[in-house]
Amino acid sequence: MAKCVVANEHPEQCQVIESSGIGHYIPWGGQYFVDEVCKLLDDLERARMMASKGPDWLREHRTYNVIADLVESQYKKLPGLTA
């Protein structure tokens, strides 16, 4: 959707935000969310810049084909399994 992201502090969400640069993660809580969204609305150019990174990052790291290839590569590392 090419929108920047506000995510909660959760290991996977933090990793995605850090590696993609598409948003910010915040502590759990409604006020944290409100504050972060307001910051993004106050700096729309920065929000657009972060958002523009999303589609390419998603295609490179989070499509079903990419994830399937990652899972397959992990299975191939298991003892007794061959390609």
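Right above here is the structure, for reference.
Now for a description of the structure that goes with this document. For clarity, every value in this text was computed on a predicted model and none was experimentally measured.

**Concerning the side chain of glutamate 36**
Then step 1. By secondary structure assignment, the location of glutamate 36 is in helix H2 (residues 30-42).
Then step 2. Once you skip the residues sitting within four places of it in the chain, glutamate 36 turns out to touch Val6, His24 and Ile26.

**Topic: a nonpolar patch on the surface**
Then step 1. Taken together, the side chains of Ile67, Val71, Tyr75, Leu78 and Leu81 make up a nonpolar region of the molecular surface, amounting to roughly 440 Å² of accessible area.
Then step 2. With respect to the secondary-structure elements, leucine 81 resides in the segment after helix H4 (64-76).
Then step 3. Given the relative accessible area of 46%, leucine 81 is considered partly exposed.

**Some words on the state of the cysteines**
Then step 1. Scanning the entire structure with this criterion turns up zero disulfides.
Then step 2. Considering cysteine sulfurs only, cysteine 4 is the nearest to cysteine 14, which forms no disulfide, with 16 Å between them.

**Here's the deal with the side chain of serine 20**
Then step 1. In this structure, serine 20 sits in helix H1 (residues 11-20).
Then step 2. Reaching out from serine 20, the side chain makes a polar contact with the backbone oxygen of valine 16 at a distance of 2.7 Å.
Then step 3. Non-local contacts of serine 20, meaning those with residues more than four positions away in its chain, are made with Lys53 and Trp57.

So, how was this worked out
Per chain, residues are indexed from 1 in the order of the written sequence. The model is predicted, so local features are restricted to residues of pLDDT at least 70 and side-chain atom pairs to those at 80 or more, both for listing and for counting; the totals for chains, interfaces and linings are taken over all residues. Derived side-chain values reflect all non-hydrogen atoms in the structure, with water molecules and hydrogen atoms excluded from consideration. Under the scheme used here, helices are H or I runs from DSSP no shorter than 4 residues and strands are E runs no shorter than 2 residues, and both carry numbers assigned from the N terminus. Note on definitions: a residue-residue contact is assigned when non-hydrogen atoms from the two residues lie within 4.5 Å. Each patch is built from residues lacking any salt bridge and having more than 30% relative accessible area; the joining distance is 9 Å for like charges and 5 Å for nonpolar side chains (Val, Leu, Ile, Met, Phe, Trp, Tyr). Only the protein chains shown count as covering a residue, and every accessible area follows the Shrake-Rupley method with a 1.4 Å probe. Here, a salt bridge means any side-chain nitrogen of Lys or Arg that lies within 4 Å of a carboxyl oxygen of Asp or Glu. Only protein chains enter the accessibility calculation, which uses a 1.4 Å probe; a residue whose area is less than 20% of its type maximum is buried, one above 50% is exposed, and one in between is partly exposed. Count a disulfide wherever a pair of cysteine sulfur atoms falls within 2.5 Å. In the analysis that follows, any N or O atom pair within 3.5 Å is treated as a polar contact, provided that within protein one partner can donate a hydrogen and the other can accept it, and provided that, for residues neighboring in sequence, both atoms belong to side chains.

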